[in-house]
Amino acid sequence: MQICRQGWLRSMVGYLPQDMRLFGGSLRDNLTLGLAQPDEAALREALARTGLDQLVNQLPKGLDSPVQEGGSGFSGGQRQLICLTRLWLQQPRIWLLDEPSASLDAETEQRVVALLKALPSDVTVIFTTHRKSWLALSARTLVVDGGSIRHDTPTDQIRHNPRQQEGQVQPVTPEVAS
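Rules and cut-offs
- Residues numbered from 1 in each chain as written.
- Predicted model: local features only at pLDDT ≥ 70, side-chain atom pairs only at ≥ 80, totals over all residues.
- Heavy atoms only, no water.
- Salt bridge = Lys/Arg side-chain N within 4 Å of Asp/Glu carboxyl O.
- Helix = DSSP H or I, 4+ residues; strand = E, 2+ residues; numbered from the N terminus.
- Buried < 20%, exposed > 50% of the residue type's maximum accessible area, 1.4 Å probe, protein only.
- 1 Å grid on protein atoms, 1.4 Å probe; cavity = no way out; pocket = protein on both sides within 12 Å on 5 of 7 lines; lining within 4 Å.
- Points joined across faces, edges and corners; volume = space filled by probe spheres on them.
- Core = buried A, V, L, I, M, F, W, Y, C linked by side-chain atoms within 4.5 Å.
- Contact = heavy atoms within 4.5 Å.
- Expected span 1.5 Å × (residues − 1).
- Arc of directions from axis to C-beta.
- Polar contact = N/O pair within 3.5 Å; in protein donor to acceptor, adjacent residues only side chain to side chain.

This part is about the pattern of salt bridges. When the charged atoms of two side chains lie near each other, side chains of opposite charge can form a pair. Following the criterion strictly, the structure yields seven salt bridges and no others. For D64, the salt bridge goes to R28, with nearest N and O atoms at 3.6 Å. With a gap of 36 residues between them, D64 in the loop between α4 (52-58) and β3 (66-67) and R28 in helix α2 (residues 27-32) connect regions that are remote in the sequence. Since its relative accessible area comes to 19%, R28 is described here as buried. Put simply, D122 and R93 hold a salt bridge, and the shortest N to O gap is 3.5 Å. Taken together, the residues span a long stretch of sequence, with D122 in the loop between α6 (106-117) and β5 (124-128) and R93 in the loop between α5 (76-90) and β4 (94-98) at a distance of 29 residues. Owing to a relative accessible area of 36%, R93 belongs among the partly exposed residues under this scheme. Salt bridges linked by common partners bring R28, E40, R44 and D64 together as one network.

Below, the discussion takes up the layout of surface pockets. If you add up the space inside the second largest pocket, you get close to 310 Å³. Lining the second largest pocket are 14 residues, with Y15, L33, R86, L87 and Q90 sitting closest to its centre. Mapped onto the lining of the second largest pocket, the elements with two or more residues apiece are α1 (6-12), β1 (13-16) and α5.

Right, let's talk about the nonpolar core for a bit. Nonpolar side chains in soluble globular proteins tend to be buried together. Ranked by size, the top nonpolar core spans 31 residues in total, and within it L31, L52 and W95 carry the most contacts. Of all elements in the fold, only α2, α3 (40-50), α4, α5, β4 and α6 reach the threshold of two or more residues within this core. Looking at which element gives the most residues to this core, the answer is α5, with seven residues. The residues touching L52, leaving out its near neighbours within four places in the chain, are L31, L47, L81, I82 and T85.

Looking now at α6. When the terminal C-alpha atoms of α6 are compared, their 16 Å separation across 12 residues agrees well with the 16 Å that a helix rising 1.5 Å per residue should span. By the burial criterion, the buried members of α6 are T108, E109, V112, V113, L115 and L116. Viewed end-on, α6 has its buried residues packed into an arc of 160 degrees, placing them on one side of the element. Residues of α6 that are exposed and point over 90 degrees away from its buried face: A106, E107, Q110 and K117. On its buried face, α6 sits against α3, α5 and β4. The opening residue of α6 is D105, an N-cap whose side-chain oxygen sits 3.1 Å from the backbone nitrogen of E107.

It is worth spelling out the side chain of S26 at this point. Tracing the chain through its elements places S26 in strand β2 (residues 25-26). Looking at S26, its side chain comes within polar contact range of the main-chain nitrogen of R28, at 3.4 Å. At 2.9 Å, the side chain of S26 forms a polar contact with the backbone nitrogen of D29. In contact with S26, other than residues within four places in its own chain, are L63, D64, S65, P66 and V67.

Here it is in C-alpha cells:
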C-alpha cells in the first residue's frame, strides 16, 4: 500500500463526527480551521447552503462572535451545523458522516439531505444513521450489528420492501459480505 501525504489525505477526506467539538476563538475561526482562508463570498454561500446563515444573522457579532472551548453556548444542532459548514467549505471528495443529523430538527435535517443530494457525482458520501430519511441519499445500505455486517443490499430494495424498513432483514452470508 502506498503511503500518502497527510495534507493530501485531509484535502480528500472530510469527517463529521457525531460529537462535534468547537475550539476557543471566533465562529469564523471555527469555520475555516485548516483551510486556506476562503473569501467572504464563498463563506456566505456556505452559510446559506447549510442554513447556518440564520444563526449568524442572529449573533450580534456575526462571524466574529466568540466561541468558547468545546462550543458551550451553542446547541448540539448548532455545533453540528457549524462543523457541516466547515466540511462544505473544505469540499472533500469523500465525506464521512457519523450520525450527521442526530442533533438537528426535522427542517434542518431536510436541508442537509438536500445539500448532500446536490453534491457532484464524483463526491462519495459515507454515513451512519438511524433515520430512514437518509435512505434517499444512499445507493447501497449496510446494516451493521455487533461489529459485523448483517445486511448489504441496494437501498432501493429496502425502500420497496416494508419488512426490511422495519428492520426485519436477512443476515448476509459470509460469501456475500466478503
